Amino acid sequence: MATTRLAIVTGSNKGIGYAMVKDLCRLFDGDVYLTARDVGRGRAAVERLNELGLKPKFHQLDVTDAGSVAAFAAFVADNYVGVDVLINNAAIAFKATATEPFGVQAEETIRVNYFALRSVCDALFPLLKAGARVVNLSSSFGRLSLFPGEELRRKLSSPQLTVDELDALVRQFVDSAKAGDHAQAGWPSTAYGVSKVAVSALTFVQQRAFDADPRADIVVNSVHPGYVDTDMTSHKGPLTIEQGAEAPVYLSLLPPGESDVKGRFVWCDKTVKDWSTF
C-alpha cells in the first residue's frame, strides 16, 4: 500500500475541475487523481496534461452511480493509507433555455449536486487522514441570503442542523417544485441555487462533526469559484478556468492547524463571506 499522499478531484475532465487537477499536479506533493464519469474523456484529459509535463492519475468515477462510488472508495482503500485532499466538483446545471418542467429540473439537480456529492463524502470520509482538506464547490447562488423564506433560512442556518434534517429539507423542495408551490413555501425559483445552498449547509454540518475530534485537523469549506468561462455557464463567465481553480486549490492546501478558514463559505477572491447576509 502506497504511503504517497493523495488528492482527488471529482468531475475533472474539463472546466474548473481540470484546471484544479493541473494546479494540484504542480503544487501538491503526492498523487493527484483526475476522475470522470466517461473513461474516454477522462483519459483524454490526462493525456492533455501529460503533454504539459504533468502526471495526474485517472480513475473512473460517476458520482451518481453507487457502484462506481463504492468501487472507487475500495480502490483508494486498497492502494493508499488515506485521502489528503478531496475536492467535490462534479455538478450539473440546466440551461435557461431548458424545456424540462421545473419539478424535473429540481429533482435531477438535487440528485446530482447534493445527494451524489453526499454519497461521495459518505464513501470517502472514513478514509480521510488527519490533516485532510475537503472542498465542496458551491456558487454565488449558494448564498442563504437569496432564499425568500425566513423559516427556511432559519432552519438551514441552525447550528443544530443535521444531515438527516438537511436531506428532508431538500426533498421538501423537490416535492414543492413538482407540485408548483415552491415559491409559496419560501424557496427560490432556481434548482441550481437550492442545490448549492444545500452543499454549503452540508459543509457546515460536516465541519461540526469533524470538530468533535480537533486532533484530526480535518477542514471542510465550501467555495464560490467565480463566474467562469465553462460549458456550465455557456461560456459567458469572464474568468478563465485557471482563475476559477485558484480559490478551491488554495482551500485544498490550507496549512496544518488552520483555525480561521474552517467550515466557511469562501468567495472566489479567497475571502470568507457570511452566506446568510452577503
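Everything below is about the structure printed above this text.
None of these values were measured; they are calculated from a predicted model.

Engineer: Please explain the overall build of the protein as it appears in this structure.
Structural biologist: Looking only at helices and strands, the protein has eight helices and eight strands in total. Across its three principal axes, the protein shows a C-alpha extent of roughly 55 × 45 × 35 Å. Taken over 278 residues, the protein has a buried fraction of 52%. When contacts within the protein are restricted to residue pairs at least 6 apart in sequence, long-range pairs at least 24 apart make up 72% of them. For the protein, the exposed area adds up to about 12200 Å²; of that, 51% sits on carbon and sulfur atoms. Separation between the mean location of the 29 positive side-chain charges and that of the 32 negative ones in the protein comes to 2 Å.

Engineer: Even after reading the chapter, I still don't get the sheet that holds strand S3 (residues 57-60), so can you show me in this structure?
Structural biologist: Where strands meet in a sheet, backbone hydrogen bonds hold them as pairs that are either parallel or antiparallel. Spatially, S3-S2-S1-S4-S5-S6-S7-S8 is the arrangement adopted by the eight strands of the open sheet, whose pairing is mixed. Here the strands that pair on one side only, and so sit at the sheet edges, are S3 and strand S8 (272-273). Note that strand S4 (residues 83-88) and strand S5 (residues 128-137) share five bridges and pair parallel. The partner of isoleucine 87 across the bridge, within S5, is valine 135. Where helix H1 (residues 15-27) meets the sheet, its contacts fall on strand S1 (6-9), strand S2 (31-36), S4 and S5, and the angle it forms with S2 comes to roughly 170°. This element, helix H3 (residues 66-79), spans S1, S2, S3 and S4 of the sheet and lies at about 140° to S3.

Engineer: So what exactly am I meant to see when it comes to the packing of aromatic side chains here?
Structural biologist: Here the distance between the centres and the angle between the planes together describe a pair of aromatic rings. Scanning the entire structure with this criterion turns up eleven aromatic pairs. Pairing tyrosine 114 with phenylalanine 115 gives two aromatic rings, centres 4.9 Å apart and planes at 75°, and the pair type is edge-to-face. Tyrosine 114 sits in the buried class, given a relative accessible area of 0%. A ring pair is formed by phenylalanine 125 and phenylalanine 210, whose centres lie 5.2 Å apart and whose planes are at 55°; its orientation type is tilted. With a gap of 85 residues between them, phenylalanine 125 in the loop between helix H4 (102-124) and S5 and phenylalanine 210 in helix H7 (residues 191-211) connect regions that are remote in the sequence. On the basis of relative accessibility, which here comes to 17%, the residue phenylalanine 210 falls in the buried class. These aromatic residues form a ring-pair network of at least three members: Phe102, Phe147, Phe173 and Trp187.

Engineer: Please explain the nonpolar core as it appears in this structure.
Structural biologist: For soluble globular proteins, nonpolar side chains are generally found buried alongside one another. Ile8, Leu128, Phe147, Leu156, Leu166, Phe173 and Trp275 are the most contacted members of the largest nonpolar core, which has 53 residues in total. Those elements that provide at least two residues to this core are S1, H3, S4, H4, S5, helix H5 (150-156), helix H6 (163-179) and H7. Ranked by residue count, the leading element in this core is H7, at ten residues. Excluding residues within four positions of it along the chain, leucine 128 makes contact with Val83, Val134, Phe210 and Ile218. Counting 32 residues, the second-largest nonpolar core is a separate cluster that includes Leu24, Val85, Ala245 and Val249.

Engineer: Please explain H4 as it appears in this structure.
Structural biologist: Because the α-helix completes a turn every 3.6 residues, residues three or four places apart line up on one side. Given a rise of 1.5 Å per residue, 23 residues ought to cover 33 Å, and the 32 Å separating the end C-alpha atoms of H4 matches this to within 8%. The axis of H4 is deflected most strongly, by about 35°, at arginine 111.

Engineer: Can you walk me through the pattern of salt bridges in this structure?
Structural biologist: Proximity of charged atoms lets side chains of opposite charge pair with each other. Evaluated as defined, the whole model comprises twelve salt bridges. Between aspartate 84 and arginine 5 there is a salt bridge, and its shortest N-O distance comes to 3.7 Å. Of this pair, aspartate 84 sits in strand S4 while arginine 5 sits in the segment before S1; the two residues are 79 residues apart in sequence, bridging distant segments of the chain. A residue is classified by how much of its surface remains accessible, and arginine 5, at 36% relative accessible area, is partly exposed. Two residues, lysine 129 and aspartate 84, come together in a salt bridge whose shortest N-O distance is 3.1 Å. Here lysine 129, found in strand S5, pairs with aspartate 84, found in strand S4; they are 45 residues apart in sequence, far enough to count as distant. Both residues of the pair, lysine 129 and aspartate 84, count as buried.

Thresholds, definitions, all that
- Residues numbered from 1 in each chain as written.
- Predicted model: local features only at pLDDT ≥ 70, side-chain atom pairs only at ≥ 80, totals over all residues.
- Heavy atoms only, no water.
- Helix = DSSP H or I, 4+ residues; strand = E, 2+ residues; numbered from the N terminus.
- Buried < 20%, exposed > 50% of the residue type's maximum accessible area, 1.4 Å probe, protein only.
- Contact = heavy atoms within 4.5 Å.
- Areas by Shrake-Rupley, 256 points an atom, 1.4 Å probe, with all protein chains shown as cover.
- Lys, Arg positive; Asp, Glu negative; His and termini not counted.
- Charge placed at Lys NZ, Arg CZ, Asp CG, Glu CD.
- Pairing = 2+ DSSP bridges.
- Axes fitted to C-alpha atoms, helices over the stretch in contact; angles between N-to-C directions.
- Phe/Tyr/Trp six-rings, centres within 6.5 Å; stacked < 30°, edge-to-face > 60°.
- Core = buried A, V, L, I, M, F, W, Y, C linked by side-chain atoms within 4.5 Å.
- Expected span 1.5 Å × (residues − 1).
- Bend = angle between axes of the 7 residues up to and from the residue.
- Salt bridge = Lys/Arg side-chain N within 4 Å of Asp/Glu carboxyl O.

The quantities given are spatial measurements derived from coordinates; they are silent on function.
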